[in-house]
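If you want the building blocks of each chain, they are given just below.
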Amino acid sequence: MKIHNISLVSPHNKRPFMADARYNCDGKPKPVVIFNHGFKGFKDWGPFPLVADAFAQAGFVFIKVNFSHNGVTLKNPTEFADLEAFSKNNFCIELDDTGLLLDALFNDSTGIDSQDMDLNRVYIAGHSRGGASAILKAVEDSRIKKVATWAAVSNLEAWHSREELEYWKQHRLIFVLNKRTNQQMPLDFQLVENYQENRSRLHIPDAVKKLQIPMLAIHGSADETVPVAAAHSFQQWNAAVKVKIIDNADHTFGADHPFTSHELTEDFKLVVDETIRFFGVK
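Quick summary incoming for the structure in this document. Because the structure is a prediction, the values reported are computed rather than measured. (Residues numbered from 1 in each chain as written. Predicted model: local features only at pLDDT ≥ 70, side-chain atom pairs only at ≥ 80, totals over all residues. Heavy atoms only, no water.)

Right, let's get into the layout of surface pockets. There is about 1,000 Å³ of room inside the largest pocket. Together, 33 residues line the largest pocket, and Phe-39, Lys-40, Ser-128, Thr-225 and His-251 are the ones closest to its centre. Here the lining of the largest pocket takes three residues from strand S7 (residues 173-178), the largest share from any one element. In this model, the second largest pocket occupies a volume close to 200 Å³. For the lining of the second largest pocket, the element with the most residues is helix H6 (residues 190-197), which contributes four residues. Of the residues assigned to the lining of the second largest pocket, the class counts are eight nonpolar, two polar and one charged. (1 Å grid on protein atoms, 1.4 Å probe; cavity = no way out; pocket = protein on both sides within 12 Å on 5 of 7 lines; lining within 4 Å. Points joined across faces, edges and corners; volume = space filled by probe spheres on them. Helix = DSSP H or I, 4+ residues; strand = E, 2+ residues; numbered from the N terminus. Nonpolar A, V, L, I, M, F, W, Y, C, P; charged D, E, K, R; others polar.)

Structure (structure tokens):
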């Protein structure tokens, strides 16, 4: 198995960010999967490297991405070492980061062996908020042919009450606790402004209704962060969406960070197997 690092530079603040591709370097064209991490996440969180291995072994080129403003740095790719960047992240930046990676794939500038990629089969997957960005990108970019979400958020504007939004607007900055690291993670009010200014691009219900490609939504019935109703909403908005509910699975499908096991949890194995089956390998 080959692991290849991809270096990119966001047009937003000229911030460098990384992705990595895993695949069997056998010269055979393989479908490509782009994977988006979630809020307070990063590409090597928990079992994501094992997930990448599983997809590569199944015959995919699996590319997991660190969004440019997710708070990690090139020197500290698994630590939130740049909270200023984290505070300046927004949904459009994440979509533009994915677009930059897609451009690099189609311009043959990633360094991935071109004979190992079938660019007629480019798919996207995402966990939690990364699932939302995966849906939104799939709608606006016809190069993506299928989308799969894992415990995805179904609404990007229902985070806070009106009172909380007023406080946020007045003070410009709020903080959310990262229980794992005990860091107070800053969020600039520009996140809300970005959504309001780009609602037609970022409104998930409308995006799902517009979706013309196959979509799979996987969710745990015991998700404590994003209620399982979110997955059912996708199907209500678009009857063609396939929904898979994993009984008693939580938001991270039994995984955490750091992840010390050499094997995926049983719930994450189900997520991977269902997604591989959905994307398919010829």
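Residues of helix H9 (residues 229-237) that are buried: Ala-230, Ala-231, Ser-233 and Phe-234. Seen along its axis, H9 keeps its buried residues to an arc of 155°; they face one direction. Buried residues along H9 sit in contact with helix H4 (129-140), strand S6 (144-150), helix H8 (204-210), strand S9 (215-220) and strand S10 (242-246). (Buried < 20%, exposed > 50% of the residue type's maximum accessible area, 1.4 Å probe, protein only. Arc of directions from axis to C-beta. Contact = heavy atoms within 4.5 Å.)

Attention now goes to the packing of aromatic side chains. For any pair of aromatic rings, the description rests on two quantities: the centre-to-centre distance and the angle between the ring planes. In total, this model carries 17 aromatic pairs according to the counting rule given. With 5.9 Å between their ring centres and 25° between their planes, Phe-35 and Phe-62 make a pair best called stacked. With a gap of 27 residues between them, Phe-35 in strand S3 (residues 30-36) and Phe-62 in strand S4 (residues 61-65) connect regions that are remote in the sequence. A single burial state applies to Phe-35 and to Phe-62, both of which are buried. Each member of the aromatic cluster is reached from another via a ring pair, and the members are Phe-35, Trp-45, Phe-48, Phe-55, Phe-60, Phe-62, Tyr-123, Trp-150, Phe-253, Phe-268, Phe-278 and Phe-279. Over the ring of Phe-106 we find Arg-143, and its NZ or CZ is 5.2 Å from the ring centre. The ring centre of Phe-278 lies 5.4 Å from the NZ or CZ of Lys-146, which sits over that ring. (Phe/Tyr/Trp six-rings, centres within 6.5 Å; stacked < 30°, edge-to-face > 60°. Lys NZ or Arg CZ within 6 Å of the ring centre and 35° of its normal.)

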